[in-house]
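Close look at the chain arrangement
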Amino acid sequence: MNDVNVQKLSYQTKAFSVKETFKTPEMLTLLGFLVLCAFFSFSTAQFLTTENVSNIIRQVSINGILAVGMTFVILTGGIDLSVGSVMAFTGTIMVGLMINMGMPPIAAVLLGIVLGAVLGYINGLFIAHARIPAIIVTLAMMEVARGAALLYTGGYPLSGVSKSYAFIGRGNLFGVIPMPAVIMILVFIAAYIILNHLPIGRYIYAIGGNEEAVRLSGVKVKKIKIFVYLVSGITAAISGLIMTSRLSSGQPMAGEGYELDAIAAVVLGGTSIAGGRGHIFGTILGALLLGVLSNGLNLMGVSPYVQRVLKGAIIVAAIYYSSFRQKD
C-alpha cells in the first residue's frame with residue numbers, strides 16, 4: 001500500500017464531511033443555531049443588543065479555538081481532556097511572567113504558547129510511543145496542569161496586566177470587530193489549510209479511518225499523533241491568552257469543564273467521535289450553537305445546574321447520532 005492509496009483512503013474517510021457539508025449533521029446544527037437565535041430574540045430583549053452579541057462572540061472564540069485543537073485530535077480517533085487545565089496553566093504563566101518578571105506581553109505570550117505546545121507534545125509522546133490510552137494520558141495531564149497552575153499562583157488570581165495585553169480580549173479591531181473573533185478566524189483558516197490542503201491533513205483523516213492501513217503504507221503514524229496533540233496544546237494556550245486578557249487576570253481555576261464544551265462543539269459539528277470524518281466548518285457551527293445556548297439561558301435566568309444537565313444531554317445525543325451515522 002503506497003501513499004496514493006493513503007490519499008484515497010483519507011478522501012474516502014472525509015468524503016462524507018466535505019461532500020455532504022451542511023446536508024446532514026452540519027445542517028441540523030445550523031438549523032438548531034438559527035432556531036435558538038430566534039427563540040432567545042423573542043424571549044429576552046437583551047439578546048440582540050450590540051453589547052450581548054459582542055459578549056457571545058468573545059465567549060465563543062475561547063471555546064471555538066479549543067474546539068479546533070480538539071477537532072484534530074478526534075479526527076484521529078483520540079480525545080484530549082486536558083485542554084481546560086492547560087488553558088488555565090498557560091494563561092496564569094503568561095500573566096505571571098508579565099507581573100512578576102516584568103516581561104513584555106509579546107514575549108510572555110510566545111512563551112505561554114510554547115508551553116502549551118510542550119504539554120501537548122508530552123501528551124502525544126505517551127499516547128503514541130507508550131501506547132497508553134489517550135483518555136488516561138490526558139486525564140493525568142488535566143490534573144498535572146491544574147495542580148501546576150494552583151502551585152504557581154498559590155491558589156489566588158494574578159491581576160495587574162497591561163492595557164495592551166487586555167486589548168487582546170477586550171478590544172476591537174478598527175473599533176468594530178472583537179479581537180478574540182479575529183484570532184479565532186485566523187486559527188480556523190490555519191486549521192482549514194492544514195486539514196484540506198496539506199498532506200498531513202490527509203494522514204490525519206486516514207488515521208481516524210484505518211490506522212493500521214496508514215501504518216502499513218509507510219506513514220509515520222506516531223509523528224502524526226504527536227502533531228495533533230501538539231496542536232491541541234497550542235490552541236489551549238491561545239484560548240488561555242484570550243481568557244486572561246479578557247479577565248485582566250490569571251485564574252488558576254479557569255477553564256473547568258471547557259474540555260466538555262470543546263468536545264461537544266466538535267461532535268455537534270458533525271465530526272465522528274470514532275475519527276476519520278468531520279469538517280472544521282462544522283466545528284464553528286457547534287461552537288456558535290453552544291455559545292448562543294449558554295448566553296440565552298443565562299439571560300433567561302436558568303440555573304447553571306440545569307444548564308450542565310442540558311449540555312450533558314446534548315453531548316450524549318450528538319455522540320449517539322454520530323455513532324448511528326457511522327453504521328450507515
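Our subject in this report is the structure included herewith. (Residues numbered from 1 in each chain as written. Predicted model: local features only at pLDDT ≥ 70, side-chain atom pairs only at ≥ 80, totals over all residues. Heavy atoms only, no water.)

Observations regarding the overall build of the protein
A count of helical and extended segments in the protein gives 13 helices and four strands. A globule of 328 residues ought to have a C-alpha radius of gyration of about 20 Å, and the protein, at 19 Å, matches this closely. Seen through its C-alpha atoms, the protein measures out along the principal axes to roughly 55 × 50 × 35 Å. Burial analysis of the protein (328 residues in total) assigns 54% to the buried set. When contacts within the protein are restricted to residue pairs at least 6 apart in sequence, long-range pairs at least 24 apart make up 80% of them. As displayed, the protein has an accessible area near 14,600 Å², and 70% of this comes from carbon and sulfur atoms. (Helix = DSSP H or I, 4+ residues; strand = E, 2+ residues; numbered from the N terminus. Rg over C-alpha atoms; globule rule 2.2 N^0.38 Å. Buried < 20%, exposed > 50% of the residue type's maximum accessible area, 1.4 Å probe, protein only. Contact = heavy atoms within 4.5 Å. Areas by Shrake-Rupley, 256 points an atom, 1.4 Å probe, with all protein chains shown as cover.)

With respect to the nonpolar core
Counting 84 residues, the largest nonpolar core has Phe-72, Tyr-165 and Val-292 as the members making the most contacts within it. When neighbours within four sequence positions are excluded, Tyr-165 is seen to be in contact with Met-94, Val-95, Met-98, Pro-105, Val-109, Leu-241, Thr-244 and Ser-245. (Core = buried A, V, L, I, M, F, W, Y, C linked by side-chain atoms within 4.5 Å.)

Regarding the pattern of salt bridges
Scanning all chains against the criterion turns up three salt bridges. Among the ionic pairs, Lys-225 bridges to Glu-211, the shortest N-O distance being 3.1 Å. Residue Lys-225 is located in helix 10 (residues 221-247), and its partner Glu-211 is located in helix 9 (residues 199-216); the two are separated by 14 residues in the primary sequence. A relative accessible area of 17% means that Lys-225 is categorised as buried. As a salt-bridge pair, Arg-215 and Glu-212 come within 2.9 Å of each other at their nearest N and O atoms. Taken together, the residues span about one helical turn, with Arg-215 and Glu-212 both in helix 9 at a distance of three residues. Take Arg-215: its relative accessible area is 30%, and that puts it in the partly exposed class. Residue Glu-212 is classed as partly exposed on the basis of its relative accessible area, which comes to 42%. Each of Glu-211, Glu-212, Arg-215 and Lys-225 takes part in salt bridges that share partners, so that together they form one network. (Salt bridge = Lys/Arg side-chain N within 4 Å of Asp/Glu carboxyl O.)

Here's the deal with helix 4 (residues 83-101)
Relative to the 27 Å expected for 19 residues at 1.5 Å per residue, helix 4 spans 26 Å between its end C-alpha atoms, a close match to the ideal helical length. The element helix 4 is extensively covered by neighbouring structure, given that 16 of its 19 residues are classed as buried. (Expected span 1.5 Å × (residues − 1).)

Digging into the layout of surface pockets
In this structure, the largest pocket encloses a volume near 620 Å³. Lining of the largest pocket is provided by 23 residues; of these, Tyr-258, Asp-261, Ser-294, Gln-307 and Lys-311 occupy positions nearest its centre. For the lining of the largest pocket, the secondary-structure elements that each account for two or more residues are helix 3 (50-75), helix 11 (258-268), helix 12 (280-299) and helix 13 (304-327). Here the lining of the largest pocket is built from residues that sort into eight nonpolar, ten polar and five charged. As a volume, the second largest pocket reaches approximately 280 Å³. (1 Å grid on protein atoms, 1.4 Å probe; cavity = no way out; pocket = protein on both sides within 12 Å on 5 of 7 lines; lining within 4 Å. Points joined across faces, edges and corners; volume = space filled by probe spheres on them. Nonpolar A, V, L, I, M, F, W, Y, C, P; charged D, E, K, R; others polar.)

Shape descriptors only; they carry no functional weight alone.
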